[in-house]
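Tertiary structure, described
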There are 2 protein chains.
Amino acid sequence: MDRVTSKDVAKKAGVSQATVSRVINNYPHMKQSTREKVLKAIQELGFTPDQIARSLNMRKTSSIGLIVGDISNPFFAETAKVIISQARKSGFDVILTDTEHESVNLEKSIESLVGKRVEGIIIGSVDLYDSKTRQFAETGFPVVFYNTNIHEDIGNYVVLNNKKGAKVGVKHLVELGHRKIAYISGTLKYSNLSGRLEGFKEALKEYDLPFDKHLIKEFDVSSNGISTFLKAQMEQPNPPTAFFAASDQIAFTVMEAARELGLQIPDDISVIGFDNINISANPFINLTTISQQHRRMASIALENLLTLIKNDNEMIRNVLEPELILRSTTTTPRK
Amino acid sequence: MDRVTSKDVAKKAGVSQATVSRVINNYPHMKQSTREKVLKAIQELGFTPDQIARSLNMRKTSSIGLIVGDISNPFFAETAKVIISQARKSGFDVILTDTEHESVNLEKSIESLVGKRVEGIIIGSVDLYDSKTRQFAETGFPVVFYNTNIHEDIGNYVVLNNKKGAKVGVKHLVELGHRKIAYISGTLKYSNLSGRLEGFKEALKEYDLPFDKHLIKEFDVSSNGISTFLKAQMEQPNPPTAFFAASDQIAFTVMEAARELGLQIPDDISVIGFDNINISANPFINLTTISQQHRRMASIALENLLTLIKNDNEMIRNVLEPELILRSTTTTPRK
DNA sequence: ATGAAAGCGCTAACAC
DNA sequence: GTGTTAGCGCTTTCAT
């Protein structure tokens, strides 16, 4: 069962291949009768144009690449949703790759996507100062980073003002009366988490809170070290009254650990997250958090990419404003 | 800045295009010196082979398609993760499309993917008896359904024994002492949800529980009708003591509605879900549910697809066994 | 061990 | 309006 080609259609319809092509591409100036002849032949043979051949010829694939750190992470799933749906409306398919947070996989993905001649790439997870990716972004190939970037002076991106986000969070806690706040970060290889930590530190200064490096911990999201950390903190003579998690996912782990220790949230400790993924609004979780408007972020990223694809040599950067989402895991400290 | 091609490399290295091709493809019988010459030219020109041209020639794209109903739904995100990671290990990229649960989008996706000459397609959401998709699956194109199928006699698939799953759930509730169980289904256009409802009904018979059609409701996942339904049920003289949700997502909504009504779970009502997505294990949710081993399901789906791609004319069907995941949203009924 | 030439399935001038 | 021809960037016989 060989593939049926436009040549076969042409023969069957008694026309040239060019005419078949014209029908496929809705070329207007054609005799209605020949168009119908061709359409009929296409029907009968069950012909579907080979987009690969088409792409080779036209030097456009109508595909873009989307690279994320972990598609099973709701943040990426929810942003991918937006990008994929919106891309389809503009006639693009998306090749999705998951780096599992390994920068070597990012590089491989880029290579593979470029080889497949995608027209642009959206990248959700990139290490700070990743030199290969930086180099690539500077070739002029349409690339948009979102969520994380390499550096504020490199490439096109749409990110949150993460520093400010952390400050908004600290402000909220301080206003509730908290004076001793622990901070639990994910890996600092990403600009967003690193920015948040910076913001946290700056906020401490602004509110004249003492800086205690033991109150700050860098962890993997999944790490059960979080539980150990929490326990150690709470056993101190003067324990923190609030925990600031650098992401909602981390906050969930903190909440879980707190529960294991028999601590009530928010009565015993306040917990605040960062991202505002969908599930955080669930009433059984109901996490106070900082929104980074991630769906909007994704939408802008795609829009910008399409712009870059159309017009070379643009440069587009967006920095979104954080927003406090007040829910029920934070309250005034005990006593 | 024109693309650099293998022809350019050939010229620069002073060899033929064929030789460049041989280098790219690691053809063994070559003089070491010419290989190095070519490699050097590739380096200097920054040449990356055009996979589109390659695909056209070799009739293989090293891409597969993955079609899901909603990638922001954790079930699909978590299964997509498995499929994408595993596919990459076998040298395949995946083009992901999201149908937003519209069967017309499924059909368009298939068309687009076939046009792009993917080597196979994995489909996570298909309506019962969808005739176009059925037709397509019967052409012999490598297709594997998972999670839902068209009919048990059609196509290749890996699904759960959903009927049995529902029975396992009812058994659990009955053993706890529940005699009046409400059932909240999602749309019945999918084989999995429809199978679960069937299983629920059969289980009622098996345990001699009275069938009351008012206890069964078909809803959209997001529907706030669920809240209305729950309220109506609880205002009855003899309200149900347990609610069986056809998916974890639906169960979350039920839990939410229960909380709004001031009902304690599991003390006032028991709730059981279906799927066992990651977040269900969160201690603040801690949902009793039926596992469909979704990651394993995804892994098998990909494996089977790869088999189909290698060997035509196979026929592979897997039906996985459900498993009760006992957590804390179910207990003995009051009184 | 390497080169020449044909061809994958389509589109795009250019003719008529 | 439609056909002819060349070519997109590779791989693959077939020579040598």
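Let us look at the structure shown here. Computed from a prediction, not measured in an experiment: that's the story for all the values here.

A few words on the interface of chain B and chain A. At the interface, 49 residues of chain B touch 49 residues of chain A. Between chain B and chain A the total buried area reaches about 4500 Å² when both faces are included, carbon and sulfur atoms providing 59% of it. Contact with chain A buries surface across chain B, with B:Ile52, B:Arg117 and B:Phe284 losing the most and accounting together for 17% of the total. Our count for the chain B to chain A interface comes out at eight salt bridges. Across the pair A:Lys81 and B:Asp98 runs a salt bridge whose closest N-O atoms are separated by 3.1 Å. On the surface where chain B and chain A come into contact, there are 28 residue pairs in polar contact (both at pLDDT 80 or more). Those elements that provide at least two residues to the side of chain B that touches chain A are α4 (51–58), α5 (74–89), β2 (93–98), α6 (103–115) and α11 (248–260) of chain B. With seven residues, α5(B) is the largest single contributor of residues to the side of chain B that touches chain A. Of the residues contributing to the side of chain B that touches chain A, the split by class is 20 nonpolar, 16 polar and 13 charged. By the bridge criterion, three bridges tie strand β2 (residues 93–98) of chain A to β2(B) in an arrangement that is antiparallel. Paired with A:Ile95 across the strands is B:Ile95, a residue of β2(B).

The environment of DNA strand D is formed by 27 residues, the closest being A:Thr19, A:Arg22, A:Thr34, A:Asn57 and B:Arg54. A breakdown of the atoms of DNA strand D within 4 Å of the protein gives sugar and phosphate a share of 61%. Contact distances for DNA strand D include 2.4 Å between a phosphate oxygen and a side-chain N or O atom of A:Thr19. B:Asp50 has a polar backbone atom sitting 3.4 Å from a phosphate oxygen of DNA strand D. For the surface near DNA strand D, the secondary-structure elements that each account for two or more residues are α2 (17–24) and α4 (51–58) of chain A together with α2 (17–24) and α4 of chain B. When its residues are assigned to classes, the surface near DNA strand D shows 10 nonpolar, 11 polar and six charged.

For the rest of this paragraph, the subject is unusual backbone geometry. The residue after A:Ile265, namely A:Pro266, is reached through a cis peptide bond having omega 5°. Inspection of the secondary structure puts A:Pro266 in the loop between α11 (248–260) and β9 (270–272). Look at A:Gln293: it is not a glycine, yet its phi comes out positive at around 45°. Note that A:Gln293 resides in the loop between β10 (289–291) and α12 (294–310). We note that B:Asn286 has phi near 50°; this positive angle belongs to a residue other than glycine. Position of B:Asn286 among the secondary structure elements: in the loop between β9 (270–272) and β10 (289–291).

Right, let's talk about the relation of the copies chain B and chain A for a bit. The two copies are related by a screw motion: chain B maps onto chain A through a turn of 180° and a shift of 0.1 Å along the axis, at an RMSD of 0.1 Å. Taken together, the rotation and translation relating the two chain copies correspond to the operation of a two-fold axis. Within chain B, B:Ile95 has its C-alpha nearest the rotation axis, a separation of 2.1 Å.

What follows is about the nonpolar core. Among the nonpolar cores identified, the biggest contains 148 residues, and A:Tyr146, A:Phe200, A:Phe244, B:Tyr146, B:Phe200 and B:Phe244 are the most heavily contacted of them. Not counting chain neighbours up to four residues away, the residues in contact with B:Tyr146 comprise B:Leu66, B:Val68, B:Phe75, B:Phe76, B:Thr79, B:Ile83, B:Ile122, B:Ile123, B:Gly124, B:Val158, B:Met297 and B:Ala301.

Scoring rules and cut-offs
- Residues numbered from 1 in each chain as written.
- Chains lettered and ligands numbered in written order.
- Predicted model: local features only at pLDDT ≥ 70, side-chain atom pairs only at ≥ 80, totals over all residues.
- Heavy atoms only, no water.
- Contact = heavy atoms within 4.5 Å.
- Buried area = accessible area lost by both parts, 1.4 Å probe.
- Salt bridge = Lys/Arg side-chain N within 4 Å of Asp/Glu carboxyl O.
- Polar contact = N/O pair within 3.5 Å; in protein donor to acceptor, adjacent residues only side chain to side chain.
- Helix = DSSP H or I, 4+ residues; strand = E, 2+ residues; numbered from the N terminus.
- Nonpolar A, V, L, I, M, F, W, Y, C, P; charged D, E, K, R; others polar.
- Pairing = 2+ DSSP bridges.
- Near = heavy atom within 4 Å.
- Least-squares fit on C-alpha atoms with pLDDT ≥ 70 in both.
- Core = buried A, V, L, I, M, F, W, Y, C linked by side-chain atoms within 4.5 Å.
- Buried < 20%, exposed > 50% of the residue type's maximum accessible area, 1.4 Å probe, protein only.

So far we have only geometry, and geometry alone does not tell us how the molecule works.
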